[in-house]
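# Fold and geometry: a report
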Amino acid sequence: MRVEAAGVTNTGQLREINEDSFLVDNHQRLFAVADGMGGHQAGEVASATAVEALRAAIASGRAINDAISDANVAVFEKAVDDPGLEGMGTTMTALVAPSFGDQLLIGHVGDSRGYLLRDGELSRLTDDHSLVEELVREGRLTPEQAEVHPQRAIITRALGVDDHVEVDVYTITVRTGDRIVLCSDGLTTMVRDRDVERMARAGNPPQRIAEELIEAANQAGGEDNITVVVVDVLEVEAGVPAGAEFVRLDGPVTPEPIAAPDVESPEPVTDAFMAARGRRIWGVVFLVVPLTVVLAIAVGGVYWYARQTYYVGIDDGEVVIFRGIPGGVLGWNPTVEERTRLDASDLPDSTRRDLDDDGAARGSLSGAHDFVEELRERTTPSTTSTSTPTTTTRRTVTTRAPTSPTLAGTAP
Ligand code: MN
């Protein structure tokens with residue numbers, strides 16, 4: 001296999017320093033992106049340490065998953081030795097292109113990504129180890145919700161956090177003309193996949209493609225450090241004859257360089273740690289919190305949100321005030337808080353449909369009360385005149401919007 005590769009990294013528009021690192025090692029045919037995290041430039045140390053340890057491990061003949069495990073230990077030990085580097089960590093997405101055969105190997109931890117562009121179409125090769133993507137995989141968030149989720153920067157796996165890390169390994173069978181893009185989340189949070197696809201399709205060499213993608217991320221705001229490595233597959237010779245030279249002239253003997261390496265079995269979930277990257281909110285703060293605590297806080301927050309919100313809807317043909325979120329959230333379904341004895345069939349058709357679909361006047365209980373009063377006014381006088389205090393109907397117009405600004409911002 002013949003490849004051509006280039007990498008570019010950029011601090012972006014908002015960050016003071018660049019904590020990303022990348023590796024383009026044409027000699028070893030090894031390419032990697034690492035996105036470091038940790039205060040006081042520790043992230044920079046983490047990503048650089050990981051990339052250098054990876055390079056050294058591959059040079060000594062280690063398989064990709066072992067080499068990334070070595071990189072993990074290197075970052076972890078450095079963090080343990082130096083109090084100033086405590087809590088640092090890094091993502092790593094690394095690619096090895098063997099000289100022979102048609103299979104690339106990708107080793108991956110964190111939320112940097114690998115993409116394959118083939119015949120003009122971009123597909124993602126790696127799963128993000130992030131809280132939101134796990135929720136998407138479990139069907140609890142849509143991809144669209146994940147894109148704008150306030151916790152989208154929380155990652156669930158990183159190098160340097162523990163002395164052991166689970167490495168995802170992918171074997172990718174490639175063809176001549178394929179293009180691989182490795183990138184940090186500074187690209188993917190700023191530039192949509194379809195725009196990456198459009199730009200990566202161009203017939204320009206890897207260096208130019210990487211520069212253009214970084215330019216696009218910066219144009220979109222450049223909120224994070226941005227790193228892009230582009231690897232073009234120039235030529236593939238599939239079907240290497242048995243016993244062909246699996247000996248690299250310049251390196252150690254690797255008897256089965258193309259075989260997928262064994263992936264170590266994962267640690268129990270209770271031993272997992274979460275790396276929380278809240279840099280967009282907290283500046284350069286790196287939090288390492290046990291999985292259970294983070295989940296408990298997240299679930300508690302959702303419960304609180306679900307239970308202190310009210311809206312007006314229809315139950316059994318009667319207008320009622322519900323407590324909760326229309327359709328429910330994480331299994332907490334809305335409950336009827338108050339019945340109004342207002343007959344839904346007395347409402348105008350369009351209003352009744354709106355109430356039936358998603359409810360209305362989502363927000364505080366008093367906002368819901370006001371909206372019910374407005375509904376009474378819309379009904380035919382004969383059915384509701386006895387219970388309609390006409391003096392309160394005017395003020396309803398201003399209270400229909402969600403009354404709490406935080407709710408308005410986070411409503412699904
Ligand atoms: Mn990043």
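All of the points below concern the structure found in this document. (Residues numbered from 1 in each chain as written. Predicted model: local features only at pLDDT ≥ 70, side-chain atom pairs only at ≥ 80, totals over all residues. Heavy atoms only, no water.)

## Looking at unusual backbone geometry
Short version of the rule: We count a stretch as a helix when DSSP gives it H or I for four or more residues in a row; a strand needs E for two or more, and each element gets its number in order from the N terminus. Each residue's exposure class comes from its accessible area (1.4 Å probe, protein chains only) as a fraction of the maximum for that residue type: buried when under 20%, exposed when over 50%, partly exposed otherwise.
The phi torsion at Arg341 lies on the positive side, around 55°, for a residue other than glycine. Structurally, the position occupied by Arg341 is in strand β17 (residues 335-343). One non-glycine residue with positive phi stands out, namely Ala361, at about 55°. By secondary structure assignment, the location of Ala361 is in strand β18 (residues 360-363). Classification of Ala361 as buried rests on a relative accessible area of 10%.

## Some details on the sheet that holds β18
To keep it simple, the criterion reads: Strands pair, by our definition, only if DSSP identifies at least two bridges between them. Inter-axis angles, ranging from 0 to 180 degrees, are taken between N-to-C directions of lines fitted to C-alpha atoms, where helices are fitted over the stretch in contact. Residue contacts are defined here by distance: any two heavy atoms, one from each residue, within 4.5 Å place the two residues in contact.
Reading across the sheet, the four strands line up as β17-β16-β15-β18 and stay open at both edges, with antiparallel pairing between neighbours. The open sheet has two free edges, formed respectively by β17 and β18, since each of these has just one partner strand. The sheet shows a mean angle of 30° between the axes of neighbouring strands, direction not considered. Here helix α11 (residues 365-378) sits on the sheet and contacts β15 (310-315), β16 (318-323), β17 and β18; the angle it forms with β17, its principal contact strand, is near 15°.

## Brief notes about a negative patch on the surface
For clarity, the cut-off: Nonpolar side chains (Val, Leu, Ile, Met, Phe, Trp, Tyr) are joined into patches within 5 Å and like charges within 9 Å, using only residues with over 30% relative accessible area and no salt bridge. The Shrake-Rupley method, run with a 1.4 Å probe sphere, supplies the accessible areas, and residue values consider only the shown protein chains as cover. A pair is scored as a salt bridge if a Lys or Arg side-chain nitrogen falls within 4 Å of a carboxyl oxygen belonging to Asp or Glu. A positive count includes Lys and Arg, and a negative count includes Asp and Glu. His and the chain ends are not counted in either. Think of each charge as sitting on NZ of Lys, CZ of Arg, CG of Asp or CD of Glu.
A surface patch of like charges, here negative, comprises Glu77, Asp81, Asp82 and Asp163. Examined against the element boundaries, Asp82 turns out to sit in the loop between α2 (64-81) and β4 (89-90).

## Focus: the pairing of strand β10 (residues 168-173)
Working note: regular strand, side chains alternate between the two faces of the sheet. Burial of the side chains of β10 is restricted to one face: Asp168, Tyr170 and Ile172 are buried, whereas none of Val169, Thr171 and Thr173 on the reverse face is. The pairing of strand β6 (residues 103-109) with β10 spans six bridges and is classified as antiparallel. Residue His108 lies in a different strand from β10, and its bridge partner there is Asp168.

In short, geometric facts, not functional conclusions.
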